[in-house]
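Residues per chain are reported as follows:
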Amino acid sequence: MMAIRPGSMRPNAVTGIIFFIVMLASSVGLAQEKFRFPIGESSKTLSYGPLWVAAKMGYFEREGLDVPIVTMRGSPLTIQALTADSIYMASATVDTLINAYERGADIAMIGGLINGLGLSMIGGKQ
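Given the structure is predicted, the values throughout are model-derived calculations rather than measurements.

A.B. asks: Which parts of the structure should I look at to understand the overall build of the chain?
C.D. replies: Of the regular secondary structure elements, the chain holds five helices and five strands. Start at the N end of the chain and walk to the C end: the helices and strands fall as α-β-β-α-α-β-β-α-β-α. Residues classed as buried in the chain amount to 37% of the 126 residues present. Carbon together with sulfur atoms contributes 58% to the accessible area of the chain, which is approximately 8,400 Å² in total.

A.B. asks: Sorry if this is basic, but what is going on with helix α4 (residues 75–83) here?
C.D. replies: The periodicity of an α-helix, 3.6 residues per turn, causes residues three or four positions apart to be oriented the same way. Residues of α4 that are buried include every one of S75, T78, I79, A81 and L82, and no others. Along the axis of α4, the buried residues cluster in a sector spanning 160 degrees; they form a single face. Turned more than 90 degrees from where α4 packs its buried face, P76 and Q80 sit exposed. Elements that come into contact with the buried residues of α4 comprise β2 (39–41), β5 (89–91) and α5 (94–102). The positive-phi residue at the C-terminal boundary of α4 is D85, with phi of around 65 degrees.

A.B. asks: I tried to follow unusual backbone geometry on my own but got confused; where do I start?
C.D. replies: Across the chain, the bulk of peptide bonds are trans and the bulk of non-glycine residues have phi less than zero. The phi angle at D85 is positive, at roughly 65 degrees, despite the residue not being glycine. Within the secondary structure, D85 sits in the loop between α4 and β5.

A.B. asks: So what exactly am I meant to see when it comes to the packing of aromatic side chains here?
C.D. replies: Two numbers describe a pair of aromatic rings. These are the distance of the centres and the angle of the planes. Tallied over the full model, the rule gives three aromatic pairs. Through successive ring pairs, a cluster of aromatic residues spans F35, F37 and Y88. For the cation-ring pair, K44 lies above W52, with the distance from its terminal atom to the ring centre recorded as 4.6 Å.

A.B. asks: Can you help me understand the nonpolar core in this one?
C.D. replies: Soluble globular proteins: nonpolar side chains tend toward being buried together. Judged by nonpolar contacts, M72, I79, A81, L82, I87, A90, A92, L97, A100, A105 and I107 together constitute the single largest core of eleven residues. Breaking this core down by element, the ones donating at least two residues are α4 and α5. In terms of residue count, the dominant contributor to this core is α4 (three residues). Membership of the second largest hydrophobic core comes to nine residues, among which are I39, A54, F60 and M89.

A.B. asks: Please explain the sheet that holds β2 as it appears in this structure.
C.D. replies: Pairing between the strands of a sheet comes from backbone hydrogen bonds, and it takes one of two forms, parallel or antiparallel. A sheet is described by the order of its strands in space; here three strands give the open sequence β4-β2-β5, paired in parallel fashion. In the strand order of this sheet, the two ends are held by β4 (69–71) and β5, each with one partner. In this sheet, neighbouring strand axes are inclined to one another by 20 degrees on average, regardless of whether the strands run parallel or antiparallel. Of the pairings in the sheet, the one linking β2 to β5 comprises three bridges and is parallel in character. Paired with G40 across the two strands is A90, which belongs to β5. Contacting β2 and β4, helix α2 (residues 49–56) runs over the sheet at an angle of about 135 degrees to β4. This element, α4, spans β2 and β5 of the sheet and lies at about 175 degrees to β5.

Conventions used here
Residues numbered from 1 in each chain as written. Predicted model: local features only at pLDDT ≥ 70, side-chain atom pairs only at ≥ 80, totals over all residues. Heavy atoms only, no water. Helix = DSSP H or I, 4+ residues; strand = E, 2+ residues; numbered from the N terminus. Buried < 20%, exposed > 50% of the residue type's maximum accessible area, 1.4 Å probe, protein only. Areas by Shrake-Rupley, 256 points an atom, 1.4 Å probe, with all protein chains shown as cover. Arc of directions from axis to C-beta. Contact = heavy atoms within 4.5 Å. Phe/Tyr/Trp six-rings, centres within 6.5 Å; stacked < 30°, edge-to-face > 60°. Lys NZ or Arg CZ within 6 Å of the ring centre and 35° of its normal. Core = buried A, V, L, I, M, F, W, Y, C linked by side-chain atoms within 4.5 Å. Pairing = 2+ DSSP bridges. Axes fitted to C-alpha atoms, helices over the stretch in contact; angles between N-to-C directions.

Everything listed here is a matter of geometry and, on its own, says nothing about what the molecule does.
Structure below.
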């Protein structure tokens, strides 16, 4: 699953995810049918750019994959679709993933796109 969230030009989680997808597809063998692997994203923002670029540049097609990218309204719906097996991988915020896991969802986070903490705690001296 991808709590996939871009810091620098070095390889990031999307590279790992694409590798993961290719490895799954390799188990299908040399079949002529494309392996369907739907991915859900929680919003259409620049941080998901590498995923869209890979799709638009035909990377998935060249690997024999049918990868529909499903844009949803927010992380809660994306995680709900993931736990219902409507999608196989999800891009969502870390706090939503942690919350779902703590409530018993059988999910795992494998990487992130934003190179830094998404949450912070601020308090006064007293």
